[in-house]
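Spelled out from the first residue to the last, the chains are:
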Amino acid sequence: MPGAKDDIGLVIRAAQFAAHKHKDQRRKDVKATPYINHPINLAEVLHTDGRVHDPIVIAAALLHDTIEDTKTTYDELRGAFGATVADVVIEVTDVKFLADESRKRLQVAKAGRASERARLVKLADKICNLRDILASPPAGWSLARQQKYFDWAKQVVDQARGVNPELERMFDRLYRQRPVG
Ligand code: ZN
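All of these numbers come straight from a predicted model, not from anything done at the bench.

**Q** Would you explain helix 10 (residues 165–175) in this entry?
**A** In an α-helix, one full turn covers 3.6 residues, which means residues spaced three or four apart are oriented alike. What helix 10 keeps buried is the set Leu167, Glu168, Met170, Phe171, Leu174 and Tyr175. The arc enclosing the buried residues of helix 10, seen along the axis, measures out at 160°, which places them on a common side. In this fold, the buried residues of helix 10 make contact with helix 2 (37–49), helix 8 (116–135) and helix 9 (143–160).

Here it is in structure tokens:
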């Protein structure tokens, strides 16, 4: 069994790996925030607000967009962090070859079958995305597009409920601020 020290090591390595993979990417907000801020925000929300202290979840949160948004492969993650972490990341990864609408529908369906760890990462992801949109909407996003995103995020979260009441309440508070123009 890995000790607490190794657990912190896993989380640090995940942060380092994600920072390297996302190094040339920016968020879609007008300030073009470095992409890595997003996975770090997930880890912080999980740890501080959700009181999630499972290093597997924190590491998976840090890595959650590496397969979807960089050239990282499942095997690469498994080799570096083990199958348990890599499997959580795969669970929260969208299928790229599908059209936007199907991808969104699939994410709702998948959330309902996801493991507890994957649900936690999903919840934190949607919390962070709603918070980002409220603070500074992505460049060029109309009000309707923002509203659509909020509604879709709620569908995903509604499927993922039952794992962390505090995070679910946090999401609901953000959803109530859905932009109305
Ligand atoms: Zn994300």
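From this point, things continue past the structure.
**Q** Just checking my understanding: could you explain the nonpolar core for this structure?
**A** A general trend in soluble globular proteins is that nonpolar side chains are found buried together. With 52 residues, the main nonpolar core has Leu46 and Leu63 as its most contacted residues. When residues of this core are assigned to their parent elements, the largest contribution, 9 residues, is made by helix 8. If sequence neighbours within four positions are ignored, leucine 63 has contacts with Ala14, Phe17, Ala18, Leu77, Phe81, Val85 and Val89.

**Q** Looking at this structure, I do not really get the packing of aromatic side chains. What am I missing?
**A** The description of an aromatic ring pair rests on the distance of the ring centres and on the angle between the ring planes. Here the structure, examined in full by the defined rule, presents 5 aromatic pairs. The interplanar angle of 50° and the centroid separation of 5.8 Å between the aromatic rings of tryptophan 141 and tyrosine 149 together place this pair among those described as tilted. Ring centres of phenylalanine 150 and tyrosine 175 lie 6.3 Å apart, and the angle between their planes is 40°; this geometry places the pair in the tilted category. Residue phenylalanine 150 is located in helix 9, and its partner tyrosine 175 is located in helix 10; the two are separated by 25 residues in the primary sequence. Considered together, phenylalanine 150 and tyrosine 175 belong to a single accessibility category, that of buried residues. Among the aromatic residues, those joined into a ring-pair cluster are Trp141, Tyr149 and Trp152. Between lysine 104 and the ring centre of tryptophan 152, over which it is positioned, the NZ or CZ distance is 4.6 Å. The ring of tyrosine 175 has lysine 154 lying over it, and the distance from NZ or CZ to the ring centre is 5.8 Å.

**Q** What should I look at first to understand the layout of surface pockets in this one?
**A** Space left empty within the atom packing is revealed by a probe, the size of a water molecule, rolled over the atoms. Here the largest pocket is characterised by a volume of approximately 1100 Å³. Lining the largest pocket are 38 residues, and of these Arg27, Lys28, Asn129, Trp141 and Tyr149 sit closest to its centre. When contributions to the lining of the largest pocket are tallied by element, the ones reaching two or more residues are helix 2, helix 4 (66–69), helix 7 (100–113), helix 8 and helix 9. With 7 residues, the single largest contributor to the lining of the largest pocket is helix 8. Of the residues assigned to the lining of the largest pocket, the class counts are 9 nonpolar, 9 polar and 20 charged. As a volume, the second largest pocket reaches approximately 200 Å³. Together, 13 residues line the second largest pocket, and Val11, Ala43, His47, Pro55 and Ile58 are the ones closest to its centre. Listed by contribution, the elements that provide at least two residues to the lining of the second largest pocket are helix 1 (4–21), helix 2 and helix 3 (55–63). When the residues that make up the lining of the second largest pocket are grouped by side-chain class, the tally is 8 nonpolar, 2 polar and 3 charged.

**Q** How do you make sense of the pattern of salt bridges when you look at a structure like this?
**A** Close approach of charged atoms lets side chains of opposite charge pair. One pass over the full model with this rule turns up 13 salt bridges. For lysine 21, the salt bridge is made with glutamate 76, and the minimal N-O distance between the two is 2.7 Å. Here glutamate 76 lies in helix 5 (residues 74–81) and lysine 21 lies in helix 1, a separation of 55 residues in the sequence. What makes glutamate 76 partly exposed here is its relative accessible area of 31%.

Parameters and conventions
Residues numbered from 1 in each chain as written. Predicted model: local features only at pLDDT ≥ 70, side-chain atom pairs only at ≥ 80, totals over all residues. Heavy atoms only, no water. Buried < 20%, exposed > 50% of the residue type's maximum accessible area, 1.4 Å probe, protein only. Helix = DSSP H or I, 4+ residues; strand = E, 2+ residues; numbered from the N terminus. Arc of directions from axis to C-beta. Contact = heavy atoms within 4.5 Å. Core = buried A, V, L, I, M, F, W, Y, C linked by side-chain atoms within 4.5 Å. Phe/Tyr/Trp six-rings, centres within 6.5 Å; stacked < 30°, edge-to-face > 60°. Lys NZ or Arg CZ within 6 Å of the ring centre and 35° of its normal. 1 Å grid on protein atoms, 1.4 Å probe; cavity = no way out; pocket = protein on both sides within 12 Å on 5 of 7 lines; lining within 4 Å. Points joined across faces, edges and corners; volume = space filled by probe spheres on them. Nonpolar A, V, L, I, M, F, W, Y, C, P; charged D, E, K, R; others polar. Salt bridge = Lys/Arg side-chain N within 4 Å of Asp/Glu carboxyl O.

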